[in-house]
Structure formats: C-alpha cells, structure tokens
Amino acid sequence: MDIGKWIRSWPVYRQVTGPDALGRGKAAQSARSAGLTPRTASADSVAHSVCPFCAVGCAQKVYVRDGKVVQIEGNPDSPISRGRLCPKGSASKQLVTGPQRQTKVRYRAPYATEWQELDLDTAMDMVADRVLDARRRGWQERDGDGNRLRRTMGIASLGGATLDNEENYLIKKLFTAMGAVQIENQARI
Ligand code: SF4
C-alpha cells in the first residue's frame, strides 16, 4: 500500500496542509466528487424564469438539453433572491417533469363522477360563457334609492399566494373592468 497516497486521501490531512483551512472546499472533496460534472455544464441552453410556488418570486435559471429541462437553479443575478431557492423552489424541476403533471384540461361536469378531457378552446369558451352569465345575472344597475351602482355581485376573485404583483395587477384590472367589487388575495386574509 502507498502510505503517502493513503494519508493524502484523508480530508483532514488536506485541510491542515493545504490552502483550504476550513475544510469547506477542495480539502473535503472526494476523488469521485471531483470527477463528476454538473447537469448544468452539459445544457445546450438556459432560460430565465421565476419560481412559480410563492409570491416571493425568486429568479431561476432553467437548464435545457435536447429540448428537455435537466436542472433548475437559483439565479445569482436576482436582487430578490441572489441565487437562492428554498426547498420548494429547488424542487421545481419535479413540477415540470413529474409524471403526475396534468398536461390536458380535465373537466368534471355537475353531478358527474368521472373526469373527462376537453380541448383548450372548448374549455376557454365554457369559462367565458360562465363568466358572462354570472356577470349578467348578478348585475346591479342602481340601489333601492336610485343611486347608480353599475356592478356585479355574481363574480368574486380570490387569488392565491403563487400570484405575483404583476399577475395581481392584471387580475384586479380585469375583474374591476367587468364590474366585480369582491377582489381579494390570500396574502391579505
Ligand atoms: S417557493 Fe421558495 S424559491 Fe419559490 S419563490 Fe417562494 S421562497 Fe422563492
């Protein structure tokens, strides 16, 4: 056995004899770790994104190879998160590539016990029809004293914590334009 090589394989030896005195870098790295290449190194493109899980809006770099997401990391250029992601944000690759992810519109009709698949155009038309119908049926032109109201009580909006400022701005604009007055977000509740 090469005793010198064996001793040099100890992290503590490298720590006390090398430049990594705190043992948090090269000194603690095994030969196997040193030989590994991160998935980010072999990506052929990187897209900038924002973590979809909560309203903090941490910035992400999405690494893609052969048209598939291979890794998602925090973006150090972000003034909000400075490269960090919490455990949920670090797991966002699962959200994109997980086998349980729904990629088609699913619809369960009133009183039905089974889900059915709808194409997106049909689903969007159904949503628009319901919104228009609820708005019309809940419309109040004037109150009992004749004061002008011009609002609908048939629609309310409750946003979730995954909505960021920009989305909430657009939702507020849209619902107010439709005459809704009950517009809230989970962050205020
Ligand atoms: S879930 Fe975590 S990583 Fe994602 S935006 Fe919120 S704090 Fe940031």
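Residues numbered from 1 in each chain as written. Predicted model: local features only at pLDDT ≥ 70, side-chain atom pairs only at ≥ 80, totals over all residues. Heavy atoms only, no water.

(A) Region of the structure containing the sheet that holds strand 3 (residues 68-74). Taken together, 3 strands build an open sheet; the order of strands is 1-2-3 and the sheet is antiparallel. Only two strands of the sheet have a single partner each, and these edge strands are strand 1 (45-50) and strand 3. Adjacent strand axes in the sheet meet at a mean angle of 30°, parallel and antiparallel pairs treated alike. Pairing analysis gives 6 bridges linking strand 2 (residues 59-65) to strand 3, with the strands arranged antiparallel. In the sheet register, Val64 faces strand 3, and the bridge partner there is Val69. (Pairing = 2+ DSSP bridges. Helix = DSSP H or I, 4+ residues; strand = E, 2+ residues; numbered from the N terminus. Axes fitted to C-alpha atoms, helices over the stretch in contact; angles between N-to-C directions.)

(B) Summary view of the pairing of strand 6 (residues 139-142). As paired strands, strand 6 and strand 7 (residues 148-159) are joined by 3 bridges and run antiparallel to one another. Counted as the bridge partner of Trp139 is Thr152 from strand 7. The loop that links strand 6 with its antiparallel partner strand 7 comprises 5 residues; one of these, Gly146, has a positive phi angle of about 90°.

(C) Spatial organisation of unusual backbone geometry. A positive phi is found at Arg82, a non-glycine position, where the angle reads about 50°. The backbone phi angle of Tyr111 is positive, close to 70°, even though this residue is not glycine. For Tyr111, a relative accessible area of 84% gives the class exposed. (Buried < 20%, exposed > 50% of the residue type's maximum accessible area, 1.4 Å probe, protein only.)

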